[in-house]
Amino acid sequence: MIDTPGVVLIGEDRKRTRIAFTAASGMIAPDGKHYGTYRTATLTVSAPGFAARNLTIANDFDGIAEMRKTGPRLLSDDPAGPQAVALRLAEGSDRARLDAVDIHSHQDTFFPDAGRVVLRDCVISGSYDFIFGAGAALFERCEIRSRLRPDPRQVTGYIAAPSTLVTQPFGLVFDRCRLTRDPDIANGSVFLGRPWRPSKRFADGQYGNPQAAGMATYLNCWMDAHIATAGWTEMWYTGRDGNPRHMVQPEEARFGEFGSRGPGASRWRRLPVLSAAQATQIKSLAMSQLSWMPS
């Protein structure tokens, strides 16, 4: 837990300097309760001015072994499932910066849920909603690596699951990134993203926050062939009526891409490609939100 402003972590070696822990949402914590997604994070930041460079932050929960179990196991769509956060930027975090940092897990790897963060030349790996949250994050020249899901009943992967509030213009922006994959991941099996509408307690009950309209954009990114032709897909949430299977369509979120290239780029996306003017506007907006950052 980092709750002091201005903490900087500098590693001696990007691969060998590791901050790691092993916990999944469905595992039992020392207090006898399930960890739950939020408590699984290897590193949680709740103060402004955090920075890290030249190191790895990992949640070493073995998601592949869990998926290969033939008996009872943690299921991805269960709240007490294999969610295993490596890095969480929580309430109080802002103006964070990560340079040459590897962030590894399987499900729910990187959770920028508050404030602003810039990631440059980083590697983020995972398989299922592995970059998610309500914060504002700019990924520059990062590798976004999809990991294998050896589950015959559930093989689809998802990269981004933003829950950006409608009052916030800037969510997850991937600029000049490379979308890569582990061996044996099927072509067309990973979606660019889906809209997350997390539950929130209101006067009339607890249900998916209607103010969550996720924002995610890919600008001038290279994509391998594992990216699904449709690009984007729907996601379920709990409605005011208590039904947990209401669906948010990608058209209800703020998703887009511009200048995609590589075997995973496609003109047959579910959503239209952004114009050059729209892409420039998004990049300018992101940079204005990050005016505190040195170039």
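The present account deals with the structure reproduced in this document. Please read these numbers as outputs of a predicted model, since none were measured by experiment. Counting restarts for each chain: residues are numbered from 1 in the order of the written sequence. Where totals are concerned, whole chains, interfaces and linings use all residues; where local detail is concerned, this predicted model gives features only for residues with pLDDT of at least 70, and gives and counts side-chain atom pairs only at 80 or more. Derived side-chain values reflect all non-hydrogen atoms in the structure, with water molecules and hydrogen atoms excluded from consideration.

What follows covers the environment of L285. Where helices and strands are cited, they refer to DSSP runs of H or I of at least four residues and of E of at least two residues respectively, numbered from the N terminus. Relative to the helices and strands, L285 resides in helix α3 (residues 276-289). For each residue, the accessible area found with a 1.4 Å probe, counting protein chains only, is set against the maximum for its type, and the residue is called buried under 20%, exposed over 50%, and partly exposed in between. In this structure L285 comes out as partly exposed when scored by relative accessible area, which is 28%. Considered as a pair, L285 and P169 are 116 residues apart in the sequence and their alpha carbons are 8.0 Å apart. Residue contacts are defined here by distance: any two heavy atoms, one from each residue, within 4.5 Å place the two residues in contact. Contact partners of L285, with chain neighbours within four places excluded, come to P169 and F170.

Let us look at the nonpolar core. Note on terminology: a nonpolar core comprises buried Ala, Val, Leu, Ile, Met, Phe, Trp, Tyr and Cys residues joined through side-chain atoms within 4.5 Å. Of all hydrophobic cores here, the largest spans 44 residues; its most connected members are L119, I124 and F139. With four residues, the top contributor of residues to this core is strand β6 (residues 96-104). Filtering out sequence-adjacent residues up to four positions away, L119 remains in contact with L98, I103, F110, I124, A137, L138, F139, E140 and C142. Core analysis: the next-biggest nonpolar cluster, separate from the first, contains 12 residues, L274, A279, A286 and L290 among them.

This part takes up the packing of aromatic side chains. For this analysis, a ring pair means two rings from Phe, Tyr or Trp (six-membered ring only for Trp) whose centres lie within 6.5 Å, classed as stacked if their planes differ by under 30 degrees, edge-to-face if by over 60, and tilted for the remaining angles. Within the structure shown, the criterion is met by 12 aromatic pairs. Between F111 and W196, the ring centres sit 6.3 Å apart and the planes meet at 55°, which makes this aromatic pair tilted. Here F111 is found in strand β7 (residues 110-112), whereas its partner W196 is found in the loop between β16 (190-193) and β17 (199-202), with 85 residues between them in sequence. The same class applies to F111 as to W196, namely buried. Plain terms: the ring middles of W232 and F255 are 4.4 Å apart, the flat faces sit at 15° to each other, and that makes the pair stacked. Linking W232 in the loop between β20 (222-223) and β21 (235-237) with F255 in strand β23 (residues 254-258), this pair joins segments that are 23 residues apart in sequence. Summarising the burial analysis for this pair, W232 and F255 share the class buried. An aromatic cluster is built from F110, F139, F174, Y218, W232 and F255, whose rings are joined through pairwise contacts.

Let us now look at the pairing of strand β13 (residues 157-162). Every other side chain in a regular strand lies on the same face of the sheet, so the side chains alternate between the two faces. Most of β13 sits inside the fold, with six of its six residues counted as buried. In this analysis, strands are considered paired if DSSP registers two or more bridges between them. With four bridges connecting them, strand β10 (residues 128-133) and β13 associate as parallel partners. The residue bridging G133 from the neighbouring strand is P162, located in β13. Inspection of the sheet shows β13 paired to β16 by three bridges, in the parallel sense.

Turning to the pairing of strand β4 (residues 51-59), a few remarks are in order. Among the nine residues of β4, seven are classified as buried, and the element is accordingly described as predominantly covered. Direction of pairing for strand β1 (residues 8-10) relative to β4: parallel, over a ladder of three bridges. Residue pairing across strands places V8 opposite A51, the latter belonging to β4. Where β4 lies against β6, seven bridges are found, and the strand directions are parallel. Looking at β6, one finds that T56 is bridged to D102.

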